[in-house]
Amino acid sequence: MKKGKSINGMMVKQVKQAQPVRRKIPQRICVICRAVGDKGNLIRLVRRPDGDIVVDETGRMSGRGAYICYQTACWQGIATQLGRALKTPVSAEMQERLLTKGKEIAASRQ
Ligand SMILES: [Zn+2]
């Protein structure tokens with residue numbers, strides 16, 4: 001143990017704090033509540049070329065994407081806010097389908 005030299009100990013600690021994480025986790029923001037999380041904590045929704053909005057479970061689907069966190073309150077507000085984020089109207093049918101899918105995914109990840 002090299003705990004005798006406190007100054008050296010502090011310097012070593014500072015160097016470690018400068019690089020806390022080795023992996024870079026892409027941060028995403030929930031379009032409803034603006035909560036920040038990494039990709040695994042948010043669900044990606046994508047607007048397809050035909051105007052439909054689908055849940056992108058792979059995270060690789062092409063199209064304009066928006067992220068939503070797992071809070072139920074956020075999913076209930078998606079009709080207006082998601083429509084704004086994806087620049088397309090979200091129909092009641094679409095919202096219903098997304099809600100169902102979102103609940104499925106949320107349940108499978110808990
Ligand atoms: Zn949210």
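Quantities reported herein were computed from a predicted structural model and do not represent experimental measurements. (Residues numbered from 1 in each chain as written. Predicted model: local features only at pLDDT ≥ 70, side-chain atom pairs only at ≥ 80, totals over all residues.)

Q: Tell me about the environment of Glu-57, and name the residues and values.
A: One can find Glu-57 in the loop between β4 (53-56) and β5 (64-69). Taking the C-alpha atoms as reference points, Glu-57 and Val-46, eleven residues apart in sequence, are found 10.0 Å from one another. (Helix = DSSP H or I, 4+ residues; strand = E, 2+ residues; numbered from the N terminus.)

Q: Lay out helix α3 (residues 78-86) in plain terms, naming residues and giving numbers.
A: Every buried residue belonging to α3 is among Ile-78, Leu-82 and Leu-86, and all of these are buried. Down the axis of α3, the sector holding all buried residues measures 35°, keeping them to one side. Next to the buried residues of α3 lie β3 (42-47), β4, β5, α2 (72-76) and α4 (92-109). Positive phi appears at Lys-87, one or two residues downstream of α3, with a value of about 55°. (Buried ≥ 20, exposed ≤ 12 C-beta atoms within 10 Å, placed from the backbone. Arc of directions from axis to C-beta. Contact = placed C-beta atoms within 7 Å.)

Q: Break down unusual backbone geometry for me, citing the residues and quoting the values.
A: Where the residue is not glycine, phi is negative for most of them; where a peptide bond is considered, it is trans in most cases. Positive phi, close to 65°, is recorded for Arg-34, a residue that is not glycine. By secondary structure assignment, the location of Arg-34 is in the loop between β1 (27-29) and β2 (36-38). A positive phi angle, close to 55°, is found at Lys-87, a residue other than glycine. On the secondary structure map, Lys-87 appears in the loop between α3 and α4. Given 9 C-beta atoms within a 10 Å radius, Lys-87 is considered exposed.

Q: Pulling in residues and values, what's your account of the pairing of β3?
A: The pairing of β3 with β5 spans six bridges and is antiparallel. Counted as the bridge partner of Ile-43 is Ile-68 from β5. Relative to β4, β3 runs antiparallel, the two being bridged by four bridges. Within β4, the position partnered with Val-46 by the bridge is Val-54. (Pairing = 2+ DSSP bridges.)

That is the geometry; function is a separate question.
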